[in-house]
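Spelled out from the first residue to the last, the chains are:
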Amino acid sequence: MYIPALPLNAWRALEAAARHLSVSKAADELHVTPNALSHQIKSLEAVLGQKLFTRKVRAIELTAAGKLLYPGLQTGFTHIRDAVEGLKPQTDS
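So, a few notes on the structure that sits alongside this text. Treat the numbers as computed from the prediction; the structure is a model and nothing was measured. (Residues numbered from 1 in each chain as written. Predicted model: local features only at pLDDT ≥ 70, side-chain atom pairs only at ≥ 80, totals over all residues. Heavy atoms only, no water.)

Brief notes about helix α2 (residues 23-30)
Right, so step 1: Those residues of α2 that sit buried are Val23, Ala26, Ala27 and Leu30. End-on view of α2: buried residues confined to an arc of 100°, all on one side of the axis. For α2, the exposed residues lying more than 90 degrees away from the buried face are Lys25 and Asp28.
Right, so step 2: Contacts made by the buried residues of α2 are with α1 (8-20), α3 (34-48) and β2 (60-62).
Right, so step 3: Following α2 by one or two positions, His31 adopts a phi angle in the positive range, close to 60°. (Buried < 20%, exposed > 50% of the residue type's maximum accessible area, 1.4 Å probe, protein only. Helix = DSSP H or I, 4+ residues; strand = E, 2+ residues; numbered from the N terminus. Arc of directions from axis to C-beta. Contact = heavy atoms within 4.5 Å.)

Side note on the packing of α1 against α3
Right, so step 1: Two numbers describe how α1 lies on α3: the axes approach to 9 Å, and their chain directions differ by 105°. By the angle between their directions, the pair α1 and α3 is classed as roughly perpendicular. Only Leu37, Gln40, Ile41, Ser43 and Leu44 of α3 make contact with α1, whose side of the interface consists of Asn9, Ala10, Trp11, Ala13, Leu14 and Ala17.
Right, so step 2: Looking at side-chain class alone, the contact of α1 with α3 contains 8 nonpolar, 3 polar and no charged residues. (Axes fitted to C-alpha atoms, helices over the stretch in contact; angles between N-to-C directions. Parallel < 35°, antiparallel > 145°, perpendicular 65-115°, else oblique. Nonpolar A, V, L, I, M, F, W, Y, C, P; charged D, E, K, R; others polar.)

Re the environment of Val23
Right, so step 1: Assignment of secondary structure puts Val23 in helix α2.
Right, so step 2: Taking the C-alpha atoms as reference, Val23 lies 9.5 Å from Arg58; in sequence the two are 35 residues apart.
Right, so step 3: Excluding residues within four positions of it along the chain, Val23 makes contact with Pro34, Leu37, Ser38 and Ile60.

Some words on the environment of Ser22
Right, so step 1: As for its position among the elements, Ser22 is in the loop between α1 and α2.
Right, so step 2: The class of Ser22 is buried, set by a relative accessible area of 14%.
Right, so step 3: Once the C-alpha coordinates of Ser22 and Pro34 are considered, the two residues, 12 residues apart in sequence, prove to be 9.4 Å apart.
Right, so step 4: Setting aside residues up to four positions removed in sequence, Ser22 forms contacts with Ala17 and Ile60.
Right, so step 5: For Ser22, the side chain forms a polar contact with the main-chain nitrogen of Lys25, separated by 3.1 Å. (Polar contact = N/O pair within 3.5 Å; in protein donor to acceptor, adjacent residues only side chain to side chain.)

Points about the pattern of salt bridges
Right, so step 1: For the structure shown, the criterion picks out 5 salt bridges.
Right, so step 2: Across the salt bridge formed by Glu45 and Lys51, the nearest N and O atoms sit 4.0 Å from each other.
Right, so step 3: The buried category is assigned to Glu45, whose relative accessible area is 5%.
Right, so step 4: Exposure remark for Lys51: the relative accessible area of 55% places this residue in the exposed category.
Right, so step 5: Lys56 serves as the salt-bridge partner of Glu61, at 3.8 Å between the closest nitrogen and oxygen. (Salt bridge = Lys/Arg side-chain N within 4 Å of Asp/Glu carboxyl O.)

This is the structure we're talking about:
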């Protein structure tokens, strides 16, 4: 399945919402509004053609598709963070 390149922020929104199982907590972490975060997730769901969360009154839970996708996203963001932390300031010799 071809998946067009989507903004990294949309993938970050999905990862944070899945980790917190809360749109508002994920939005706070990413310094966006809950509405903006929900919009990013809905754009991913539209492109993927699958729901990633089941939305309840005051909670969300991952669907089967979300549960399959989340570990890869979590690992990917961990690798990016580790790579950036591994950079050492370059000094002139």
